[in-house]
Amino acid sequence: MSIEPGVRPDDSPPEGGPAQPTTEPDRTPTRPSAGAALRALVLRLHFYAGILIAPFIAVAAATGLVYAFSPTLEQVAYRDVLTVEAGGERLPLQEQIDSAAGAYPEGTLDAVRPAAEPDQSTGVLFTKPDGDDKRMSVFVDPYTAEVLGQYDSYGSSGSLPMRTWLAELHKNLHLGDPGRMYSELAASWMWVIAAGGVVLWLTRGRRNRRPRKVLLPEGGGARGRRRTLSWHGAVGTWALLGLLALSATGLSWSNLAGGNIGSIREAFGWQTPALEAASGGHEGHGGSGEGHGGDHAAHTSHGGVGPDEVMASAQSAGIGGPVEIAFPGEERPVYTVAETSREWPADQDQVAVDPADGRVVEELHFEDYPLMAKVTKWGIAAHMGLLFGLANQVALAALALAALTLIVLGYRMWWQRRPTKAGQSASFGSPVPRGALARLDWTARILVAVVAVAVGVFLPLLGISLLAFLVVDTVLGLRQRTKEPQGA
């Protein structure tokens, strides 16, 4: 992410000696190159964003660090209901569902997640009578039909209370929609700070572009702010791609920018496809969906098929591994069987099954998804720590620690830039000088303004906060100018 608050345009003194004097002989001033002026502009933006937005990113990184391991922690915390002693022959799914329905009679049967491993329990999911967006998961021993326990579950991943609580903490600090503004602000700026920081790191000077100077911090010869900068830049370079991915996937869940991202996906046909039969697009013999009113046994009456036959039909169509069998209902006229594993990118196929005769009426394979729909699925699974299992979670934790390290190093550089004269040592470092935009020609200024407006409209919180930066900076500049002696 390379948050580099307080980095001067010259970055650091030459190797092996103190900073060189900046006084030059009088001569006619010349306009700096467009590249130098743009770099100065990025440097000033990086400084302000690093100082003012870094706290929000720090909170997102700290809560994300804990959330990263939530899938594994969930397996440990709820092992008494998620695992069983393997052995014997499994009972029919219908019998397991009957047992679960007896333990939660007030719910309406929605889906079942059969045990995928010998030591796993079966999860039976019910919609709640109070209209809560969470479902009730009743866990059953597949060998004895004994009810092991029940917990609220949330989302397509079926996360249980602990993981759900950690997810809400990361998303909105348990403050509801107002709290989501913090995470959206962090995600909106993180890619700007990360990309801008790496650009600054790579454009320090020709001699600093060697791979070792870019990817590794300086050795023992470096001291003070120069040493801090070398660690800051190297860590930021290594973490760049991961932080960009977290920023993009985080924005897809956001309140304001998320809608704009959805509109772009729709316009370019990047949306995730869905089974048409599940919304009535195909007519099946059991299209009325009778029985989804809490009578879990009604699906097998009047010549219809039950979950065991449906599972067999899905397996014959190539569906395997952990799955969720969703029952027909008022808005879903067929059974759907969907693979639920997110550890391997391609394990996301699904089929629709006619409830009258068990015939597979539609198939949807992940390999047929549009490329961007696949990328979105992979990105979201990675952000949730589900892709590739524990390896994904370790990588997320490393990125969170990298972000926190960059922020600490960035503030340390700001502190190291403070005046050291007597009576001034307690003050903070001075900001990066103004005037970068004025040094650009008019064409470049217009281009910068157009890009800023476009990005601000697409990412509203970034646009609002950037405008606030400009207003505050302008006011401070005018105030400083009025305090300067006349003729200075």
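Rules behind the numbers
- Per-chain numbering applies: the sequence of each chain, read as written, is numbered from 1 onward.
- The predicted nature of this model means local features are confined to residues of pLDDT at least 70 and side-chain atom pairs, given and counted, to a pLDDT of 80 or more, with totals for whole chains, interfaces and linings taken over all residues.
- For side-chain calculations, the full set of non-hydrogen atoms in the structure is used, while hydrogens and water are omitted.
- Only DSSP runs of H or I reaching four residues or more are called helices, and only runs of E reaching two or more are called strands; each is numbered from the N terminus.
- A simple rule labels every residue: compare its accessible area, found with a 1.4 Å probe on the protein chains alone, to the largest value its type can have, and call it buried under 20%, exposed over 50%, or partly exposed in between.
- A contact between two residues is defined here by any heavy atoms of the two lying within 4.5 Å.
- In this description, accessible areas are obtained by the Shrake-Rupley approach with a 1.4 Å probe, and a residue is regarded as covered only by the protein chains that are shown.
- UniProt positions are given in the numbering used here, feature names are shortened, and annotations may be inferred rather than shown by experiment.
- Two strands pair under a simple rule: DSSP has to find at least two bridges between them.
- Angles shown run from 0 to 180 degrees and are taken between the N-to-C directions of axes, each axis being a line fitted to C-alpha atoms and, for helices, limited to the stretch in contact.
- We define a nonpolar core as any set of buried Ala, Val, Leu, Ile, Met, Phe, Trp, Tyr and Cys residues linked to one another through side-chain atoms lying within 4.5 Å.

Q: In this structure, what is going on with the overall build of the protein? I would like to understand it.
A: Assigned secondary structure in the protein consists of 15 helices and eight strands. For the protein, the residues scored as buried account for 44% of the 488 residues in total. Of all intrachain contacts in the protein linking residues separated by at least 6 positions in sequence, the fraction that spans at least 24 positions is 65%. With the model as given, the accessible surface of the protein reaches about 24,900 Å², and the carbon-plus-sulfur share is 61%.

Q: Where do I start with the UniProt feature "transmembrane region" (unreviewed entry) in the protein in this structure?
A: Following the UniProt record, the feature "transmembrane region" (unreviewed entry) maps to residues 47-69, 185-203, 233-253, 380-411 and 446-472 here. Annotation note: span residues 185-203, helix share 95%, strand share 0%, distance between end C-alpha atoms 27 Å. Here residues 233-253 is 95% helix and 0% strand, with 29 Å between the C-alpha atoms at its ends.

Q: Looking at this structure, I do not really get the sheet that holds strand E2 (residues 122-127). What am I missing?
A: The pairing of strands in a sheet happens through backbone hydrogen bonds and is either parallel or antiparallel. An order of E4-E3-E2-E1-E5-E6-E7-E8 is seen for the eight strands of this open sheet, with the pairing classed as antiparallel. This sheet does not close on itself; its edge strands, each paired only once, are strand E4 (147-153) and strand E8 (360-364). Pairwise comparison of adjacent strand axes, ignoring direction, gives a mean angle of 20° for this sheet. Those strands touched by helix H5 (residues 93-103) are strand E1 (108-113), E2, strand E3 (135-140), E4 and strand E5 (323-326), and its axis lies near 50° from that of E2.

Q: What is the right way to look at the nonpolar core in this model?
A: Across soluble globular proteins, you tend to see nonpolar side chains buried next to one another. Ile53, Ile57, Trp189, Ile193, Leu243, Leu251 and Phe469 are the most contacted members of the largest nonpolar core, which totals 37 residues. If you list the elements that add at least two residues to this core, you get helix H1 (34-52), helix H2 (54-67), helix H7 (177-202), helix H9 (224-252), helix H10 (256-267), helix H13 (390-416) and helix H15 (460-483). At eight residues, the largest contribution of residues to this core is made by H7. Among residues more than four places away in sequence, those in contact with Ile53 are Tyr48, Leu185, Trp189, Ile193 and Phe469. Counting 26 residues, the second largest nonpolar core, distinct from the first, contains Ala101, Val138, Ala317 and Val337.

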